Amino acid sequence: MKPSLLVLACAAGLLAALPATGSAATGRDWSQVQLAWRDDPRPPADAPFAVEVPRSRREARRAQRRVTTRRVPLDDVPIDVGVAAAPAPEIATRVDEPIIHRDQPSTPQPDSRQRFDIMLPAGCAGGGHLPLVIWIHGDTWRDGTKADCPVRWLAEQGYAVASVGYRLSDTATFPAQLDDCRAAVDAIAGNAAVWGIDRERIAVVGSAAGGHLAALVGLSGEDGVAAIAAIAAPSHLTTLGPEHDRPSSPASQLVGGPLPEFREVAQAASPLAHVTPGDPPCLIVHGERDDRVPLDQSVKLDAALRAAGVESTLVVLEGAGHKPPLDRGSAAGRALLEFLDRTLAPKAAEPRSVVVPTAY
């Protein structure tokens, strides 16, 4: 709303109290005068900013210039919501801090969940050869966000780290979650040159529901996935146990109904059903005392992978419960780093044939 003509609403008896001569105008008491905007339905207290009452044409022009040149707070600047602006990266404040690009789209028309954050090691000197770790969040398929990323510290170990979001089971049932995760992998790998990563050295990692989705992404033949790490993850939904068969359980909500009644979908959502001989190497970590996801789920997946000739490493953490910590000093974190260093290491250069000149 542009400033318009000011209307003076004088309190009762105020005019009688004003000095009679114009020369005494500077001594007037304006404390009882209220200012209002003409044609503005709001009360005077809601006027956009305070205005000094001009007492001459020259002062009025000066006041107008003050209004024109007034700085507007950033929050008051109108934003065209129809134009999407790429978010600026978070610049590291220290030379050893990673650079973070947040809310990158996974699909052409993403919703708030179909986005990912990517963290690049300090210096970004990968030259197109950085290994990438894609983290998939979730304790159940109904909670968590991409902000939940306990493996950020891998960026300090020379890995690019992406944390992806996906539609939760309260808004979409399986396979929407798998579709979103695969779309994120495709979006990141498709711009490998932009991020400076090696699209042939990608690992998918997750814990609990995130580990289940990571296993599904890797075992479904996604291009570029060279390693899988699943921590405390369900692998066979139809044998999770009676408590998971209830309609209100997270696994039942994922597939759209009770697991026994939606058995076909539950089978399709089970990583165990997708094991094939050509699968990438897997790290499987599980707490010995996990009371949420039975240890037997990881034992079964490890056995199926080995039977198919796939490299599989099963780590059972003695005395650990559900979702063991993944910080760099934890047992699971150390096992993950060792696995990534081994599976995503740069391929050794092929030996070149050397032509030795014949001596005459």
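Digging into the overall build of the chain
- For the chain, the count of helices and strands is 9 helices and 10 strands.
- Of all 360 residues assigned to the chain, the portion counted as buried reaches 41%.
- The contacts in the chain between residues at least 6 apart in sequence include a share of 69% that link residues at least 24 apart.
- Accessible surface for the chain amounts to roughly 20,000 Å². Of this, 54% is attributable to carbon and sulfur atoms.

A look at the pattern of salt bridges
- For the structure shown, the criterion picks out 12 salt bridges.
- Arg 328 is the partner of Glu 156 in a salt bridge, and the nearest nitrogen-oxygen pair spans 2.7 Å. With Glu 156 in the loop between strand S5 (130-136) and strand S6 (160-164) and Arg 328 in the loop between strand S10 (312-317) and helix H9 (331-343), the pair connects residues that are 172 residues apart, well separated along the chain.
- Residues Arg 167 and Asp 180 are paired through a salt bridge, measuring 2.8 Å at the closest nitrogen-oxygen approach. Pair noted here: Arg 167 is in the loop between S6 and helix H3 (176-190) and Asp 180 is in helix H3, with a separation of 13 residues, a long-range link.

Examining the side chain of Ser 249
- In this fold, Ser 249 is placed in the loop between strand S8 (225-231) and helix H6 (250-255).
- Owing to a relative accessible area of 3%, Ser 249 belongs among the buried residues under this scheme.
- Residues within four places of Ser 249 in sequence aside, it is in contact with Glu 243 and His 244.

With respect to unusual backbone geometry
- In this chain, Phe 174 is followed by Pro 175 through a cis amide linkage whose omega measures 15 degrees.
- In this structure, Pro 175 sits in the loop between S6 and H3.
- Although it is not a glycine, Lys 323 sits at a positive phi angle of roughly 50 degrees.
- On the secondary structure map, Lys 323 appears in the loop between S10 and H9.

Notes on H9
- The end-to-end C-alpha separation of H9 is 18 Å, in line with the 18 Å expected for 13 residues at 1.5 Å each.
- Burial in H9 covers these residues: Ala 332, Gly 333, Ala 335, Leu 336, Phe 339, Leu 340 and Thr 343. Buried residues in H9, looked at end-on, bunch into an arc of 160 degrees, giving them a common side.
- Buried residues along H9 sit against S5, strand S7 (197-207), S8, strand S9 (282-287) and S10.

Comments concerning the confidence of the model for the chain
- A residue-level look at the chain finds 68% of positions with pLDDT of 70 or above and a mean pLDDT of 79.
- Across residues 1-26, confidence stays below pLDDT 50; counting only partners more than four residues off in sequence or on other chains, it has 33 contacts.
- Per-residue pLDDT stays below 50 along residues 33-86; that stretch engages in 39 contacts with residues further than four places along the chain or on separate chains.

Observations concerning the pairing of S5
- Counting buried positions along S5 gives 7 out of 7 residues, so the element sits mostly inside the fold.
- Of the two faces of S5, the one holding Leu 130, Leu 132, Ile 134 and Ile 136 and the one holding Pro 131, Val 133 and Trp 135 are both buried throughout.
- Judged from the 5 bridges that link them, S5 and S6 form a sheet pairing that is parallel. Looking at the pairing, Leu 132 lines up with Ala 160 of S6.

Some words on the nonpolar core
- Core analysis: the biggest nonpolar cluster contains 50 residues, and Ile 134 and Ile 188 have the highest contact counts within it.
- Apart from the residues within four sequence positions on either side, Ile 134 is in contact with Ala 162, Val 164, Val 185, Ile 188, Ile 202, Ala 203, Val 204 and Val 205.
- Counting 27 residues, the second largest nonpolar core, distinct from the first, contains Val 133, Val 161, Ala 229 and Leu 326.

Examining the environment of Glu 311
- Positionally, Glu 311 belongs in the loop between helix H8 (295-307) and S10.
- Spatially, the C-alpha atoms of Glu 311 and Asp 279 are 8.5 Å apart, while their sequence positions differ by 32 residues.
- If we ignore the near neighbours within four places in the chain, the residues touching Glu 311 are Pro 280, Pro 281, Cys 282 and Arg 342.
- For Glu 311, the side chain forms a polar contact with the side chain of Arg 342, separated by 2.2 Å.

Let's talk about the sheet that holds S5
- With mixed pairing, 8 strands are arranged side by side in an open sheet as S3-S4-S6-S5-S7-S8-S9-S10. Two strands in the sheet have a free side with no partner beyond their single neighbour: strand S3 (99-105) and S10. Here the strands of the sheet are splayed against their neighbours by 15 degrees on average, with no regard to which way each runs.
- Here S8 pairs with S9 via 4 bridges, running parallel. Bridge pairing in S9 places Ala 229 opposite Leu 283.
- Most of the contacts of H3 go to S7, to which it runs at about 155 degrees, and overall it touches S3, strand S4 (115-120), S5, S6, S7 and S8.
- Where helix H5 (residues 209-219) meets the sheet, its contacts fall on S5, S7, S8 and S9, and the angle it forms with S7 comes to roughly 145 degrees.

Criteria and cut-off values
- Residues numbered from 1 in each chain as written.
- Predicted model: local features only at pLDDT ≥ 70, side-chain atom pairs only at ≥ 80, totals over all residues.
- Heavy atoms only, no water.
- Helix = DSSP H or I, 4+ residues; strand = E, 2+ residues; numbered from the N terminus.
- Buried < 20%, exposed > 50% of the residue type's maximum accessible area, 1.4 Å probe, protein only.
- Contact = heavy atoms within 4.5 Å.
- Areas by Shrake-Rupley, 256 points an atom, 1.4 Å probe, with all protein chains shown as cover.
- Salt bridge = Lys/Arg side-chain N within 4 Å of Asp/Glu carboxyl O.
- Expected span 1.5 Å × (residues − 1).
- Arc of directions from axis to C-beta.
- pLDDT = per-residue confidence, 0-100.
- Pairing = 2+ DSSP bridges.
- Core = buried A, V, L, I, M, F, W, Y, C linked by side-chain atoms within 4.5 Å.
- Polar contact = N/O pair within 3.5 Å; in protein donor to acceptor, adjacent residues only side chain to side chain.
- Axes fitted to C-alpha atoms, helices over the stretch in contact; angles between N-to-C directions.

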